[in-house]
Amino acid sequence: MRYIITFALTATPALADVPRVVTDIPPVHALVAEVMGDLGEPVLLLAKGADEHDFQLKPSQAGAVADADLVVWIGPELTPWLDNALEARSEGAATLALLRAEGTVLQDYADAHDAEAHDEAGHDHGPDDPHAWLDPGNARAWLGVIAGELGRLDQENAAVYQANAAAAGERIAALDREVAEILRPVQGKPIVSFHAAFGYFGHHYGLDFVGSIALGDAAVPGAARLAELRDRIEAGGVVCLFPEAQHDPALIEQMAEGTGAKIGGALDPVGSSLEPGPGAYAALLTGLAQTIADCAGG
Ligand SMILES: [Zn+2]
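Residues numbered from 1 in each chain as written. Predicted model: local features only at pLDDT ≥ 70, side-chain atom pairs only at ≥ 80, totals over all residues. Heavy atoms only, no water.

J.: Can you help me understand the pattern of salt bridges in this one?
T.: Overall, the coordinates contain nine salt bridges when judged by the stated rule. A salt bridge links Lys48 to Glu275; its shortest N-O distance comes to 3.4 Å. Residue Lys48 is located in the loop between strand E2 (43–44) and helix H4 (59–67), and its partner Glu275 is located in the loop between strand E8 (262–263) and helix H12 (280–296); the two are separated by 227 residues in the primary sequence. One network of salt bridges, in which partners are shared, links Glu77, Arg100 and Asp128. (Salt bridge = Lys/Arg side-chain N within 4 Å of Asp/Glu carboxyl O. Helix = DSSP H or I, 4+ residues; strand = E, 2+ residues; numbered from the N terminus.)

J.: Looking at this structure, how should I read the coordination of the zinc ion?
T.: Coordination of the zinc ion by the protein involves Glu52 (OE), His53 (NE2), His131 (NE2) and His195 (NE2), with metal-donor separations of 2.0 to 2.1 Å. Seen from the zinc ion, its four donor atoms lie at angles of 103 to 116°, and the figure they make is tetrahedral. Read from N- to C-terminus, the donor residues coordinating the zinc ion fall into the pattern E-H-x77-H-x63-H. Highlighted residues: Glu52 in the loop between E2 and H4 and His131 in the loop between helix H6 (112–120) and helix H7 (136–153), separated in sequence by 79 residues. When its relative accessible area of 2% is taken as the criterion, Glu52 is described as buried. Residue class for His131 comes out buried when judged on its relative accessible area of 0%. (Donors = N, O, S within 2.8 Å, 3.2 Å for Na, K, Ca; no water. Tetrahedral: all angles 85-135°; square planar, octahedral: opposite > 155°, others 65-115°. Buried < 20%, exposed > 50% of the residue type's maximum accessible area, 1.4 Å probe, protein only.)

J.: Explanation requested: the packing of aromatic side chains in the structure shown.
T.: Applying the stated criterion across every chain, the model contains four aromatic pairs. Taking the centre distance of 5.0 Å and the plane angle of 75° together, the rings of Phe55 and Trp81 count as edge-to-face. Taken together, the residues Phe55 in the loop between E2 and H4 and Trp81 in the loop between strand E3 (70–73) and helix H5 (83–87) connect sequence positions 26 residues apart. Of the two residues examined, Phe55 and Trp81, each falls in the buried class. Look at Phe198 and Phe201: their rings are 6.4 Å apart centre to centre, the planes differ by 70°, and that puts the pair in the edge-to-face class. (Phe/Tyr/Trp six-rings, centres within 6.5 Å; stacked < 30°, edge-to-face > 60°.)

J.: Would you take a moment to explain the packing of helix H3 (residues 26–36) against helix H8 (residues 158–183) for this structure?
T.: Any two packed helices are characterised by the angle at which their axes cross and by the distance between the axes. Contact geometry for H3 and H8: axes closest at 7 Å, N-to-C directions at 130°. On the basis of their axis angle, the class for H3 and H8 is oblique. Together, Leu31, Glu34, Val35 and Met36 of H3 and Tyr161, Asn164, Ala165, Ala168, Arg171 and Ile172 of H8 make up the contact between the two elements. Per-class residue counts for the contact of H3 with H8 are seven nonpolar, one polar and two charged. (Axes fitted to C-alpha atoms, helices over the stretch in contact; angles between N-to-C directions. Parallel < 35°, antiparallel > 145°, perpendicular 65-115°, else oblique. Contact = heavy atoms within 4.5 Å. Nonpolar A, V, L, I, M, F, W, Y, C, P; charged D, E, K, R; others polar.)

J.: Just to check I follow, could you spell out unusual backbone geometry for this structure?
T.: Leave glycine aside and you will find that most residues have negative phi; peptide bonds, for their part, are mostly trans. One non-glycine residue, Ala218, adopts positive backbone phi at about 65°. Among the structural elements, Ala218 can be located in the loop between strand E6 (208–214) and helix H10 (223–236).

Quick look at the structure:
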């Protein structure tokens, strides 16, 4: 039996040529899975329930990065924990940083305070907000970029990748309209998130995130920042504060106390609580929209 199975696998040249792809976070994994379709399945590095900014690769995962034909990631701005593993790859190994890919529409951190604090922290990157997957326009652009790169590495299946990307793009266009519909009633209502992950999402759907407890890299906030945010919540008539799936809600509860603002369900901007796979991008966006609408719309 074993010989028959081995023969069946090695006798399928189209499959043997499909690149081994490793991805950083669930939404990127979902987009790559859409483009690969039935041809193959990408590897996802970020573990279930983990924080996208603060994660440590297991040795086996570092090995997967080293052996991958292609690594698709947002970029060093989001996941500095991937830098070392990428540097260990052989020269010329294919890597696709989506934040710098053609067609990506970048945003600064909307909160000037966040960008400033980032610079002060001595990070060796600019103030571009890396949470760019939360704009479905970027996700659609990336489908094409991913299909182009996979087609370059695997020319035999290039047309399949292109067709899969086109179909997924249409699904995202429909998803975008659905999410806009869910969020329409809560447009412009002042809300607060745990970390500064929602610049793109808020801008795209007309939401009013007036601030966040933690900065864009989800680092623990200082007392001055909390005091300033507390003032903003009281002065700005904030209706909801949202904890995050990967973080203790204690600070959110403390911040809301006595302000009249409600505490919403936990947001999961990176989707690490979701089942990974091609459907995870839609689940991510609708989940966020529903959680926001449930609190701010009621
Ligand atoms: Zn983040």
